[in-house]
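# A closer look at the structure
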Amino acid sequence: MEHLDEGEDFTALCDIDAIGASCSKTFSLPEGKLLSYFGIVPSGHALDLPNAALGSVFYAQLLVLRQPIRLFVCAAMMTSIFLAYQLTFVLGDLCILCWSTHIINSILFYKIVLSTLWGSDGAAKKKTI
């Protein structure tokens, strides 16, 4: 597998000039590494991972664990809301892969978090003693 050196151009498969979609541009933005963007880890630190790597860990835990960790699902949903806002209203970029991930996170949030709070009929579940 070839490694790209700093400054080399990278073009993602989801870059579609006809509709103005650029995943490559979005991935290279500071928001593409949220841990350093929010100052949780310093830029360039070993844990300064791209969002895609963090997402891979998140989705892997969903596959491995029998009971998903709701806190992680909520964190993924909050991250999706932040990034979708940034993409739409601040950066004005279109990233098909990003939006696909935001939709998946929304579905997971609904199925794992909201469906456990409300029954299938939409009414809040009552605790039984």
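Residues numbered from 1 in each chain as written. Predicted model: local features only at pLDDT ≥ 70, side-chain atom pairs only at ≥ 80, totals over all residues. Heavy atoms only, no water.

What follows concerns the nonpolar core. Soluble globular proteins tend to pack their nonpolar side chains together in the buried interior. Ranked by size, the top nonpolar core spans seven residues in total: Phe58, Leu62, Val73, Ala76, Leu108, Ile112 and Val113. Elements that contribute at least two residues to this core include exactly helix H3 (51-64), helix H4 (70-91) and helix H5 (96-117). Here the element with the most residues in this core is H5; it accounts for three residues. Among residues more than four places away in sequence, those in contact with Ile112 are Leu62, Pro68, Arg70 and Val73. Ranked by size, the runner-up nonpolar core spans five residues in total, among them Cys14, Cys23, Leu87 and Cys95. (Core = buried A, V, L, I, M, F, W, Y, C linked by side-chain atoms within 4.5 Å. Buried < 20%, exposed > 50% of the residue type's maximum accessible area, 1.4 Å probe, protein only. Helix = DSSP H or I, 4+ residues; strand = E, 2+ residues; numbered from the N terminus. Contact = heavy atoms within 4.5 Å.)

Attention shifts here to the confidence of the model for the chain. Mean pLDDT over the chain works out to 83, with 81% of the residues at or above the 70 mark. Across the chain, the element-wise mean pLDDT spans from 78 in helix H1 (residues 23-27) up to 95 in helix H2 (residues 34-37). Low pLDDT, under 50, characterises residues 1-5; the predicted model gives this stretch two contacts beyond four residues in sequence or across chains. (pLDDT = per-residue confidence, 0-100.)

As recorded in UniProt, the feature "transmembrane region" (unreviewed entry) lies at residues 69-87 and 99-119. With 95% helix and 0% strand, residues 69-87 has its two end C-alpha atoms placed 27 Å apart. (UniProt positions renumbered as here; feature names shortened; annotations may be inferred.)

Take the packing of H4 against H5 next. Taken N-terminus to C-terminus, the directions of H4 and H5 make an angle of 145°; their axes are 9 Å apart at the nearest point. Crossing hand, H4 versus H5: left-handed. Contacts from Arg70, Val73, Cys74, Ala76, Met77, Ser80, Leu83, Ala84, Leu87 and Thr88 in H4 reach Cys98, Trp99, Thr101, His102, Asn105, Ser106, Leu108, Phe109, Ile112, Val113 and Thr116 in H5. For the contact of H4 with H5, the residue count by class is 13 nonpolar, seven polar and one charged. (Axes fitted to C-alpha atoms, helices over the stretch in contact; angles between N-to-C directions. Left-handed = near helix turned anticlockwise from the far one by under 90°. Nonpolar A, V, L, I, M, F, W, Y, C, P; charged D, E, K, R; others polar.)

Considering the arrangement of structural elements, one finds Thr26 in helix H1. Look past the residues within four positions of Thr26 in its chain and what remains in contact with it is Leu87, Asp93, Cys95 and Cys98.

Helix length check: H3, at 14 residues, gives a terminal C-alpha distance of 20 Å against a target of 20 Å (1.5 Å per residue), a fit within 8%. Listing the buried residues of H3 in full gives Gly55, Phe58, Gln61 and Leu62. All buried residues of H3 fall inside an arc of 120° around its axis, so they share one side. Exposed positions of H3 whose direction lies more than 90 degrees from the buried face are Ala52, Val57, Leu63 and Val64. (Expected span 1.5 Å × (residues − 1). Arc of directions from axis to C-beta.)

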